[in-house]
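# Descriptive structure summary
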Amino acid sequence: MKTFTYRTAAGVADGLEPGATFLGGGTNLVDLMKLGVATPDVLVDVTRLGLDDVAELPGGGLRIGAGVRNSDLAADPRVRGQYPVLSQALLAGASGQLRNMATTAGNLLQRTRCRYFMDATMPCNKHDPGSGCPAVSGDHRNLAILGASPSCIATHPSDMAVALAALDAVVRISGPTGERTVPVTELHRLPGDTPERDTVLEHGELITAVDLPPLEFATRSTYRKVRDRASYAFAVGSVAAALQVTDGTVRDVRLAFGAVAHKPWRASQAEEALRGRPATRESFLAAADAELGAARPLRDNTFKVALIRNLVASVLEGLS
Amino acid sequence: MDLVVNGAEQSLDLDPRTTLLDALREHLGLTGAKKGCDHGQCGACTVLLDGRRVNSCLILAITLSGSEVTTIEGVDHPVQQKFLEHDGFQCGYCTPGQICSAVGMLDEFSQGWPSAVTGSGPPDLSDPEIRERMSGNLCRCGAYPNMVPAIREAAER
């Protein structure tokens, strides 16, 4: 591991010196530092800033502190009751040990597990801009089918973020130039020509909280994850969904896909195609097709299109 | 930095790169926690940090000033006897991590924490629940079938 200096953050608006990075639970960053993929000069520890509460918002909804551990958030009775999709997504991710350390903001900002990115000796436009993307012709079985570019076909690995995308969560950000909010669906970028940038955050900006707006029908929501072993593995494909059906008709729906793109993929076109339609398997499949028409799978991940399509139908049937 | 390990105060002068696992093994001589993968994928390094199970290989020791760590050397829990009775291991390399993880897991369960296989009601400690909750600890010998009843019986005590 490259040498670095360590300090604790004094406040949320302090920003970062050049070459510095924030440290939360460290479950991804410390690993990337061991691998030589992350090489910060300074680590600024933000775990003692007291951003570790889950609070109820005045108009309904919850404010989740950036430092709330994934295990605490998953077990929170308000999250389990009002937003089961979020609790389930958290519990589908990582292991008990990792969830005890991993934080809300750290989960959002974790890096892709693309094997070329994780290997500092390999070319990768994300860790070495301009060096190329071996995944396009190499091992891409678990990489993106939506929104990718010739420069990068990485997927965002989070389960939690998929649920947050479905729930219209809003990310609260603090930095030297003030505070701002960004919908979680706009926090992560598509790779385009600059895949080295995962998110819209500027250097020194710190996520302080994630707001969950009230969504009454989220009590009927769920997260389904497909992976290569029964537990403790990243998703091959996942779906977060909330569904409101009245008299057999879809009144409202929230849908997001995981492990298919450089960001948690909010399936807005599928939602649009479903509102007002009969809550039947045929409608669910047609809605999935509306979203997946834009899919551009590669040699070894074509299966993901059918996987997500079937997941959507299965999850929505389960909720209706 | 100051740290309480197995009830004893320790004062350490560490390179910032030192993980908790390396601090325990190389600086404090506590070699119970094992270095398996060193990337948070196997659970062999599991210890209890302020009572919670964590992967000590992914935590920089310097961040833990004022914390309390319990390693397998400091654990005294029925799950240990049950591992012996049920032969819950073969080579033993993953065992300290399995035991620390089980101790942390049983505490999480007693607080009502759900798992990925918990339904909407309160969880019961069924075999699928134990397997899911222990999935962060790998055993290359495959001694899982004996660990599950060991943990279940330790919970029943």
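Conventions used here
- Residues numbered from 1 in each chain as written.
- Chains lettered and ligands numbered in written order.
- Predicted model: local features only at pLDDT ≥ 70, side-chain atom pairs only at ≥ 80, totals over all residues.
- Heavy atoms only, no water.
- Domains from an automatic or database assignment.
- Salt bridge = Lys/Arg side-chain N within 4 Å of Asp/Glu carboxyl O.
- Helix = DSSP H or I, 4+ residues; strand = E, 2+ residues; numbered from the N terminus.
- Buried < 20%, exposed > 50% of the residue type's maximum accessible area, 1.4 Å probe, protein only.
- Contact = heavy atoms within 4.5 Å.
- Buried area = accessible area lost by both parts, 1.4 Å probe.
- Polar contact = N/O pair within 3.5 Å; in protein donor to acceptor, adjacent residues only side chain to side chain.
- Nonpolar A, V, L, I, M, F, W, Y, C, P; charged D, E, K, R; others polar.

### Quick word on the domain arrangement of chain A
Accessible area lost when the parts come together is the quantity often used to give the size of an interface. Taken domain by domain, chain A holds domain 1 (5-45) and domain 2 (219-319). Between domain 1 of chain A and domain 2 of chain A, the C-alpha centre-to-centre distance is 35 Å.

### Things to note about the pattern of salt bridges
Residue and element names in this part refer to chain A. For the structure shown, the criterion picks out 33 salt bridges over all chains. Across the pair K2 and D41 runs a salt bridge, and its minimum N-O distance is 2.7 Å. With K2 in the segment before β1 (5-8) and D41 in the loop between α1 (29-34) and β3 (42-45), the pair connects residues that are 39 residues apart, well separated along the chain. Overall, the relative accessible area of 36% leaves K2 in the partly exposed class. One salt bridge in this structure joins D228 and R141, with 3.0 Å as the shortest N-O distance. Of this pair, D228 sits in the loop between β9 (221-226) and β10 (237-246) while R141 sits in the loop between α6 (104-109) and α7 (160-166), and the two are 87 residues apart along the sequence.

### What to know about the interface of chain A and chain B
Each side of the interface is counted separately: chain A has 33 residues, and chain B has 38 residues. A per-residue breakdown of the area chain A buries against chain B is headed by K34, Q97 and Y232 of chain A, which together make up 23% of the total. Linking chain A to chain B there are two salt bridges. Between D72 of chain A and R52 of chain B there is a salt bridge, with the nearest N and O atoms lying 2.5 Å from each other. Counting across the interface, chain A meets chain B through 15 residue pairs in polar contact (both at pLDDT 80 or more). Where the side of chain A that touches chain B is concerned, the elements lending two or more residues are α1, β3, α2 (70-75), α4 (84-92) and α5 (96-101) of chain A. Tallying contributions element by element places α5 of chain A first for the side of chain A that touches chain B, with five residues. Of the residues that constitute the side of chain A that touches chain B, the class distribution is 14 nonpolar, eleven polar and eight charged.

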